[in-house]
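Single-letter residue listing:
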Amino acid sequence: MTHPGPELPRPATDAPPAPQDDHAPPAPHDGPPSDAPPAPHDHAVGGVEPRRRLHPLSPALHGAKSLVVVVAGLSWSTLSRVGFGWFAAMATVLALGATVLAVVSWYNTGYHVVGRELRVYEGLLWRRTRAIPLERLQAVEVVRPLLAQLTGLAELRLEVVGGGKTEAPLAYLGVAEAAALRQRLLALAGPAPHPGTAPPQPSASAGPTVAPVPPGRALHAVANRDLLVSQLLTPQAFLLPFGVAFVVAQFLSEGSWSFIAVASTITAMAGVLLQPIRRVLDDWNFRLARDEGTLRVRNGLLETRAQTVPLNRVQTVGVTWPLLWRAKGWLRLRLEVAGYSGGEADDRNRPDRLLPVGDQETGERIVAEVLPGVRLSGLATGLPPARARWLRPLGWRAVGAGLDERVFAARSGLITRQLTVVPYARIQSVRVTQGPAQRRLRLATVHADTAGGAGAAALDRDLDEAWWLAAELTARAHAAHRAR
Amino acid sequence: MTGEPPGGPPPHPVGPHPVGPPPTAPPPGPPAVAGHPASGPLAAYPPGPLEPWPATVRWQSVSTDLIWVELLRLAALVGVVLLGLAVGWAVSGHWLFGAALGAVVLAGAWRVVTTVRAVHVWGYAERENDLLVRHGLLVRRLSIVPYSRMQFVDVSAGPLERAFDLATVQLHTAAAASDARVPGLRPAEAARLRDRLTALGEDRAEGL
């Protein structure tokens, strides 16, 4: 059964020599679903590989997750109204119901890899089969929420071009299985398969025993202390003491200290602080590594994430200098991958972290790594003409745009300074827009649209310059595109 | 700047180019751009609506029947609003409804004028490597979409458009912000444009 050859996934699909192997795995499929990590690591070599189920513990995890949602949904006021016993009973009933549904959905969910596609089957009444073409894969992420960490499970998320949101979160798989599947999907997603070359996942069955992310070449590790300090230097954390003081004063003056009021206040505070706290939890232990052509990001305290982003899928890199960080000289780096529309409400799931906090020198190094040949400090941006002052009296010196050798860079923001870097090869279209006020001043804005994120915009350029810029961007995008 | 066309006020450098070696890398340095059709007559650009590179671009305008489509749409909208306001006025008799009625009529009249002008402004041009679309009166927009970046082409025609024998062609790229929609085309022209775009797109396609 220990086949050394799960590689060559494609050419072997209809190879007849291994029909026996092919028929062996489906048998256990009916009985105890092919679940646990140990056995099924070598996939069937020939024919269509059997459909596999998610880990049998997943319904339990979904149920536990829904318990949290239910409790939050019932809220404090319900608790106070019905008393603890009823509250617990209601929560249990609802959570049990959710768990039953999760079991049903688990029973009907399956996935397998066919050729260069991942197929995911779901649904009892409304059947849904999604075929995810792997050549369109933009990034893979292994997420391990707290509960999943305790149970040794992981969720696999795939980002595909054109998907409004994350496609096919496979929740949950065994850690080893998730790692192996990720390896395999990335190998399949790579540039067109070269049957001759060494298959990139020879160790797919060896890897799972170690951490989910093979180390690669470490690029950077963010010190947790810096992360904490950086999140204390956010407006929310800064203003919190005033908020607390205000609320306490309110309470003292009214003299009413009901449990509900206090609990609600604490909830509200938590809401305000949610973003910085989340950032700290999410970016804890942030590790960046590079492995061949992919970027590997690991982060998270309660919920660890391991993202794998092929470098050639990076659409834009954004640099942010928040106001309060400037004293420290810190910056934040983000990257945009195709496949994320802004529509996804929960931006935690965007694989856009490149550096949660770091100094100029670190940022420089990482940018050079992600976009070879780009020096962050060497990106010169020219100011718009002085008459743009009429449109942005304070911030006109904060905007700018520049053409570098390989990238288009646009700067904006007075308080939170931002720089967006778009490689010419990633420009999808160029737009020139001119509002009524801009027309009076003979100004225009040039946008470079990219597949992920908002692209970059050269704000309020002189009209002639805007035409020139648009032409130049188009020409450079064309040339860069053809050169690839 | 090295890449400026001779004769003409220099289009400003947008930022100093790195002093590094001239175009060894794939993206061309400025000299390569000098040959680009776009940079030639730039200086001769007349101040007007978004109409760049007049000598090299042949703008095609959309059918003026689009005016009727737009006006009918506008009339339907204004009609509904007016009806609501009139009923409100009749029932309550408050003078505010009357004022609103007048305002809506005025706004409608103004929209009629701008619609007529906006349709005349709407235009597209097929260049060697990209499609240009311009539109908008108040906020003027020009989109440059390289054929190679095209993901798919939509041809659509609503009932109102069909009544006037018109169709809309829309070019989609992987970027959500791309805005290349050409309304008011004759079906034959729409089909031609679609076929040409798909052919060119296939020729040059590289996707992302």
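Quick caveat: nothing in here was measured; it's all calculated off a predicted structure.

A. Just the overall build of chain A, in detail. Of regular secondary structure, chain A possesses 11 helices and 19 strands. Counting only contacts in chain A whose residues sit at least 6 apart along the sequence, the fraction spanning at least 24 positions is 59%.

B. Fine view of the domain arrangement of chain B. Residue and element names in this part refer to chain B. We note that the domain assignment places domain 1 (65-119) and domain 2 (124-208) within chain B. Put simply, the middle of domain 1 and the middle of domain 2, counted by C-alpha atoms, are 31 Å apart. Contact residues are listed per partner, giving 10 residues for domain 1 and seven residues for domain 2. Within the residue set of the side of domain 1 that touches domain 2, elements represented by two or more residues are helix H2 (65-92) and helix H3 (95-121).

C. Examining the nonpolar core more closely. Grouped together as the largest cluster of nonpolar side chains are 127 residues, with contacts concentrated most on Ala 154, Val 317, Phe 408 and Ala 470 of chain A. Here this core takes 11 residues from helix H11 (residues 463-483) of chain A, the largest share from any one element.

D. Main features of H11 of chain A. Between its terminal C-alpha atoms H11 of chain A stretches 30 Å, which fits the 30 Å expected from 21 residues at 1.5 Å a residue. Burial analysis of H11 of chain A places 18 of its 21 residues in the buried class, the great majority of the element.

E. Summary view of the packing of helix H6 (residues 224-232) of chain A against helix H8 (residues 259-283) of chain A. Residue and element names in this part refer to chain A. Remark: H6 packs on H8, axes separated minimally by 9 Å, with the N-to-C direction vectors making an angle of 165°. By the angle between their axes, H6 is roughly antiparallel relative to H8. Both H6 and H8 take part in a crossing whose hand is right-handed. Residues Leu 227, Leu 228 and Gln 231 of H6 form the contact with H8, whose participating residues are Pro 276, Arg 279, Val 280 and Asp 283. Its residues assigned to classes, the contact of H6 with H8 shows four nonpolar, one polar and two charged.

F. The arrangement of the sheet that holds strand S3 (residues 130-135) of chain B in detail. Strand order in the open sheet formed by seven strands is S19(A)-S18(A)-S17(A)-S4(B)-S3(B)-S2(B)-S1(B), with antiparallel pairing between adjacent strands. The strands lining the two open edges of the sheet, one partner per strand, are strand S19 (456-462) of chain A together with strand S1 (60-61) of chain B. In this sheet, strand S4 (residues 140-146) of chain B lies alongside S3 of chain B in antiparallel orientation, the contact comprising six bridges. Paired with Arg 134 of chain B across the bridge in S4 of chain B is Leu 142 of chain B.

G. Here's a closer look at the UniProt feature "domain: YdbS-like PH" (unreviewed entry) in chain A. Look at the UniProt record and you will see "domain: YdbS-like PH" (unreviewed entry) annotated at residues 106-184, 285-352 and 396-466 of chain A. For residues 396-466 of chain A, the helix share is 13%, the strand share is 52%, and the end-to-end C-alpha distance is 16 Å.

Conventions adopted
- Residues numbered from 1 in each chain as written.
- Chains lettered and ligands numbered in written order.
- Predicted model: local features only at pLDDT ≥ 70, side-chain atom pairs only at ≥ 80, totals over all residues.
- Helix = DSSP H or I, 4+ residues; strand = E, 2+ residues; numbered from the N terminus.
- Contact = placed C-beta atoms within 7 Å.
- Domains from an automatic or database assignment.
- Core = buried A, V, L, I, M, F, W, Y, C linked by C-beta atoms within 7 Å.
- Buried ≥ 20, exposed ≤ 12 C-beta atoms within 10 Å, placed from the backbone.
- Expected span 1.5 Å × (residues − 1).
- Axes fitted to C-alpha atoms, helices over the stretch in contact; angles between N-to-C directions.
- Parallel < 35°, antiparallel > 145°, perpendicular 65-115°, else oblique.
- Left-handed = near helix turned anticlockwise from the far one by under 90°.
- Nonpolar A, V, L, I, M, F, W, Y, C, P; charged D, E, K, R; others polar.
- Pairing = 2+ DSSP bridges.
- UniProt positions renumbered as here; feature names shortened; annotations may be inferred.

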